[in-house]
Amino acid sequence: MAEIHRTTLSPTKLELLATWLPKQPWYQGGSGPAVLEKAGGFRLDDPAGEVGIEFMAVTESVEGDSVTYHVPLTYRGAPAEGLEAALVGTSEHGVLGKRWVYDGPHDPVLCAQLLALARGAAEAQAQSLSDTPDPSVHGRWDGPLPEGEATPSGVVSGPEGTSTVLCGGRLLLRTHRVLRAADAEFPPGIVGYVSGLAPADLSARSLYASFHLPTP
């Protein structure tokens with residue numbers, strides 16, 4: 001399991017996201033740097049122990065209302081070939097040295113582990129504690145599992161979030177970028193999902209990611 005280091009990160013994650021978020025099509029704020037606060041999240045382990053995987057929730061006040069964004073991130077010790085367009089930025093870790101930070105829906109390691117979580121083959125970990133499961137994060141799988149690797153073959157972001165094509169076009173991952181309290185019944189057409197506590201209402205749940213079979 002991943003070890004959480006109590007050390008410095010420069011620039012911090014929030015500082016990296018403050019300039020990256022306003023460039024995204026699903027961002028609901030203004031054109032200047034975002035003013036963000038950490039609102040929760042969880043981690044997953046990379047079986048190979050090489051890539052850090054974090055699902056961050058960050059909140060910003062927009063015209064008197066709070067908006068909570070879901071930002072999956074991966075942390076690597078070297079630049080990843082093919083992920084240049086997904087680079088959020090680089091940061092200096094006090095223990096691990098320079099880290100390359102990527103937008104997670106583009107990263108094959110995150111996609112594979114998120115699919116494993118939905119299927120019950122991986123366990124969510126606490127965001128800030130080592131070797132500590134997070135039982136508030138739920139995964140569910142109700143449909144058939146398409147053949148093929150969970151390697152992204154296409155990623156598109158729009159106002160509603162980010163869609164990642166997996167398994168050679170036989171599965172679609174939708175990353176829900178704005179976290180809201182979800183209805184008791186999630187929308188039809190979902191074959192699997194990952195949900196967590198809604199940041200603004202801990203009695204409700206938010207849909208973090210959902211998996212869909214492509215429309216014929």
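Here, every reference points to the structure presented above.
Residues numbered from 1 in each chain as written. Predicted model: local features only at pLDDT ≥ 70, side-chain atom pairs only at ≥ 80, totals over all residues. Heavy atoms only, no water.

Draft legend 1. The arrangement of the overall build of the chain in detail. Scanning the chain for helices and strands turns up 2 helices and 13 strands. Since a compact globule built from 216 residues should have a radius of gyration of about 17 Å, the 16 Å found for the chain is in line with a globular shape. By principal-axis analysis of the C-alpha atoms, the chain measures approximately 45 × 45 × 30 Å. Expressed as a percentage of the 216 residues in the chain, the buried residues total 47%. A fraction of 56% describes how many contacts in the chain between residues 6 or more apart in sequence connect residues 24 or more apart. When the accessible surface of the chain is split by element, carbon and sulfur atoms take 51% of a total near 10700 Å². (Helix = DSSP H or I, 4+ residues; strand = E, 2+ residues; numbered from the N terminus. Rg over C-alpha atoms; globule rule 2.2 N^0.38 Å. Buried < 20%, exposed > 50% of the residue type's maximum accessible area, 1.4 Å probe, protein only. Contact = heavy atoms within 4.5 Å. Areas by Shrake-Rupley, 256 points an atom, 1.4 Å probe, with all protein chains shown as cover.)

Draft legend 2. Expanded view of helix H2 (residues 108–118). In terms of residue burial, H2 counts as a mostly covered element, since 8 of its 11 residues are buried. Among the residues of H2, Leu110, Cys111, Gln113, Leu114, Leu115, Ala116, Leu117 and Ala118 are the ones counted as buried.

Draft legend 3. Structural detail: unusual backbone geometry. In the Ramachandran plot, Cys167 falls in the positive-phi region, its phi being about 55 degrees despite a non-glycine side chain. Here Cys167 shows up in the loop between strand S10 (161–166) and strand S11 (171–175). Owing to a relative accessible area of 1%, Cys167 belongs among the buried residues under this scheme.

Draft legend 4. The nonpolar core, seen in detail. Phe42, Leu114, Leu117, Leu166, Leu171 and Phe211 are the most contacted members of the largest nonpolar core, which has 26 residues in total. At the level of secondary structure, the elements contributing two or more residues to this core comprise strand S2 (37–44), strand S3 (52–62), H2, S11, strand S12 (190–198) and strand S13 (201–212). When residues of this core are assigned to their parent elements, the largest contribution, 6 residues, is made by H2. Setting aside its immediate chain neighbours within four residues, Leu171 contacts Leu115, Trp141, Pro146, Thr164, Val165, Leu166, Val191, Phe211, His212, Leu213 and Pro214. Grouped together as the second largest cluster of nonpolar side chains are 19 residues, Leu17, Tyr27, Ala34 and Val67 included. (Core = buried A, V, L, I, M, F, W, Y, C linked by side-chain atoms within 4.5 Å.)

Draft legend 5. Layout of the sheet that holds strand S4 (residues 65–76). With respect to topology, 7 strands assemble into an open sheet ordered S1-S5-S6-S4-S3-S2-S7, the strand pairing being antiparallel. With partners counted over all chains shown, the strands left at the sheet margins are strand S1 (9–10) and strand S7 (125–126), one partner each. Packing of H2 onto the sheet brings it into contact with S2, S3 and S4, and relative to S3 it is tilted by some 90 degrees. (Pairing = 2+ DSSP bridges. Axes fitted to C-alpha atoms, helices over the stretch in contact; angles between N-to-C directions.)

Draft legend 6. Summary view of the pattern of salt bridges. Counted under the stated rule, the structure contains 5 salt bridges. A salt bridge links Asp107 to Arg76, with the nearest nitrogen and oxygen atoms 2.9 Å apart. Of the two residues, Asp107 sits in the loop between strand S6 (97–103) and H2 while Arg76 sits in strand S4, which places them 31 residues apart along the sequence. The same class applies to Asp107 as to Arg76, namely buried. With its nearest N and O atoms 3.0 Å apart, the salt bridge here joins Asp142 to Arg140. Judged by relative accessible area, Arg140 falls into the partly exposed class, the value being 44%. (Salt bridge = Lys/Arg side-chain N within 4 Å of Asp/Glu carboxyl O.)

Draft legend 7. Structural detail: the environment of Pro146. Within the fold, Pro146 resides in the loop between strand S8 (138–141) and strand S9 (154–158). In sequence terms Pro146 and Gly169 are 23 residues apart; their C-alpha atoms lie 9.3 Å from each other. In this structure, Pro146 is in contact with Trp141, Cys167, Arg170, Leu171 and Leu213, ignoring residues within four places of it in sequence.

Draft legend 8. Just the side chain of Thr59, in detail. As for its position among the elements, Thr59 is in strand S3. According to the relative accessible area criterion, Thr59 is buried, its value standing at 18%. Side chain to side chain, Thr59 and Thr68 meet in a polar contact 2.8 Å long. Those residues in contact with Thr59 that sit more than four places away from it in its chain are Val35, Leu36, Glu37, Ala39, Ser66, Val67 and Thr68. (Polar contact = N/O pair within 3.5 Å; in protein donor to acceptor, adjacent residues only side chain to side chain.)

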